[in-house]
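A look at the structure
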Amino acid sequence: MTQISVENLSKSYSVAVRDPGLAGAIRGLFQRRQRQIAALDDVSFSLERGELLGFIGPNGAGKSTTIKILSGILRPSSGSCHVDGLVPWEQRITHVGRIGVVFGQRTQLWWDLPVVESFALLRDIYRVDQPRFARTSERLIDMLKIAPLLDTPLRQLSLGQRMRCEIAAALLHSPSILFLDEPTIGLDAISKLALREFVKDLNRTDGVTVILTTHDMHDIEALARRVIIIGNGKLLRDSSFESMRAEVLGERRLIVDFANDSSDVEIEGADVRARDGRTVEFAFDPERTPAHTLIARIAASHEVVDIRVEDPKIEEVIARFYTLHGAVES
Amino acid sequence: MNAAALPYLSILRARFALMLQYRAAAFAGFATQCWWGAIKVMVLAAFYAGSAHQPINLAQAITYTWLGQGLLGLLPWQADAEISAAVETGNVAYERLRPVDTHTFWLARAIAARAANTGLRVLPMFAVASIFLPMIGLEAWSWHLPSGPQAAFLFAISISLTVILSSAFTVLLNIAVTALKTRRAANIAPVLVSPLSGMIVPLVLMPLWMQPFLFWQPFAGLVDIPYRIYFGNLAGSAALEGIAAQCLWVVLFIVIGRAWMARVMARVDMQGS
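All values reported here derive from a predicted model rather than from experimental measurement. (Residues numbered from 1 in each chain as written. Chains lettered and ligands numbered in written order. Predicted model: local features only at pLDDT ≥ 70, side-chain atom pairs only at ≥ 80, totals over all residues.)

1. As for the pairing of strand β1 (residues 2-17) of chain A
All names here are of chain A. As defined by bridge partners, β1 adjoins strand β2 (residues 33-48) across 12 bridges and the pair is classed as antiparallel. Counterpart to L9 in the pairing with β2 is V43. Across five bridges, the pairing between β1 and strand β4 (residues 78-83) is antiparallel. The residue of β4 that forms the bridge with S10 is S78. (Pairing = 2+ DSSP bridges. Helix = DSSP H or I, 4+ residues; strand = E, 2+ residues; numbered from the N terminus.)

Set out below in structure tokens:
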């Protein structure tokens, strides 16, 4: 069942511009010029209940703008958007009562209050009755392992501890959609892994629809079956990550440590991508030249210390995609 | 508890409890206010020594001063510090993610802050200026009780309206801060509030021709009107007129605030945050 539908959504901001120098500044006192910047340009997509969508794109691509429109904070310049039958910015109060939002670089808990008091305040703000609140909060506290943190004021918690509390806070009212805007930013490796596990579990067990934006491609790899890529405000791609990888950068990598100087090594069927001392990185297309053929060729003509076969890094795939589509911020 | 009012009462309670924790700040404020109160009382005495006939007598002016020092926390000199910080970091977006009416929510926060801040200071100030000063023989310089039960009753109503009026103005400052994206947008407040409330000089001591304007402008309801009701300078129908002026401005500030909030929140962009 379609839960979120977005049609031809556009949002432009007007930015004041002035000519350079003192003369420009003085002219600006009397005459203001405005320039329109398109943050979103004709974006459409729809989402089923229970999906887990990764939303990626370079800085300034329009990810946050989309999240803000979907969550009812911003009003678009044109286009339509329905979430569970509501127009987010028009029926804001009802709408925001049904969603949970975590902005990775922001906090919705009260800085000076112990976490448990913030939770109680959120219970009242979202009008959650006490029995239901007790059940939900107990489960979240257990799953996110935040019981020892509850009596501490937020400002005394580490970033990782705080993020776990933030996620619990966003789910106290059992929302049917969870928006996560860069939730893993600044977290250490263990916290990231724990957070990914939690989100995956929440999506699978509770059927909560999750929309995730991130710059950490490992988040995407671990979580999202479906990925929307956005660049310069336009929707560039909407598909599974694997199909995009195959299309954009289907090649594999062969990394060879030679025993001797390798500055002039060339192998038929593979291109040299990088050289570093005696190590050479080749790129090859497994459809045309299988790895074992290539390895045999190299071993036949050179003395080799070590050989490894790798997929291109996910960051590389994305960077290649951005470049192909001219999506990087100018 | 009424379900519709629950979020607002809850934030009010939480803010109130939080503000009560700031004991050190309250003590420092109290010490400063005693000092200022003493200076202002001496300035007033010098002023009255030079001109005998004034609309309020010296004892009333002194009570006015101590009341002002005790209730200083009711004056809306700044926007809500937490909301200002949220505007500057972009956190203010979260205010729109709460399923509540943002204006009412901010008003409840402001009322809690004003009430807690004042509650902490007014009692020690009263103890010093009303009980301690007469004990050491400075009866003439002390804070007197209301002029009678009727004055006390009307004062209770009027000072409650002051809390709401001040808070409604604080919300206007919050909106200004949100619209201009800097806490400095609220710098206008002390310039208006200090002279027009009567905090610096009691408004009745200003020239006669200014009196109608001074009485009906919004900030008289913060200091001048409730204090004059307290010592019976405004009594009977004049007191009711003062309370009517306060009600008028409470309503206007809320109506203006709601309309302005809707405009600001519709165009606030929060790009890249």
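Once the structure has been displayed, the description carries forward.
2. Observations concerning the environment of R226(A)
All names here are of chain A. Inspection of the secondary structure puts R226 in strand β8 (residues 226-231). Look at R226 and you get partly exposed, because 16 C-beta atoms sit within 10 Å. Through-space distance from the C-alpha of R226 to that of G326 is 22 Å; in sequence the pair is 100 residues apart. Setting aside chain neighbours within four positions, we find R226 in contact with E51, L53 and S240. (Buried ≥ 20, exposed ≤ 12 C-beta atoms within 10 Å, placed from the backbone. Contact = placed C-beta atoms within 7 Å.)

3. A few points about the interface of chain A and chain B
Contacts between chain A and chain B engage 25 residues on the former and 21 residues on the latter. At the level of elements, α2 (63-70), α3 (92-96) and α4 (115-125) of chain A are the ones that each hand at least two residues to the side of chain A that touches chain B. Considering every element that reaches the side of chain A that touches chain B, the biggest residue donor is α4(A), with four residues.

4. Some remarks on the sheet that holds strand β13 (residues 304-310) of chain A
All names here are of chain A. What the four strands build is an open sheet, ordered β11-β12-β10-β13; its pairing is antiparallel. One side of each edge strand has no neighbouring strand; the edge strands of this open sheet are β11 (271-276) and β13. Neighbour-to-neighbour, the strand axes of the sheet open up by a mean angle of 20 degrees, direction not taken into account. Pairing of β11 with strand β12 (residues 279-284) involves five bridges; the strand directions are antiparallel. Within β12, the position partnered with R275 by the bridge is V280. Most of the contacts of helix α10 (residues 291-301) go to β13, to which it runs at about 160 degrees, and overall it touches β10 (252-258), β12 and β13. (Axes fitted to C-alpha atoms, helices over the stretch in contact; angles between N-to-C directions.)

5. Here's the deal with the pairing of β10(A)
Residues and elements named next belong to chain A. Pairing between β10 and β12: six bridges, direction antiparallel. Bridge pairing links V256 to V280 in β12. Inspection of the sheet shows β10 paired to β13 by six bridges, in the antiparallel sense. If you follow R253 over to β13, its bridge partner there is E310.

6. A closer look at the confidence of the model for chain B
The share of residues in chain B with pLDDT of 70 or more is 97%, and the mean pLDDT across the chain is 88. As scored by the predictor, the complex reaches a pTM of 0.84 and an ipTM of 0.80. (pLDDT = per-residue confidence, 0-100.)

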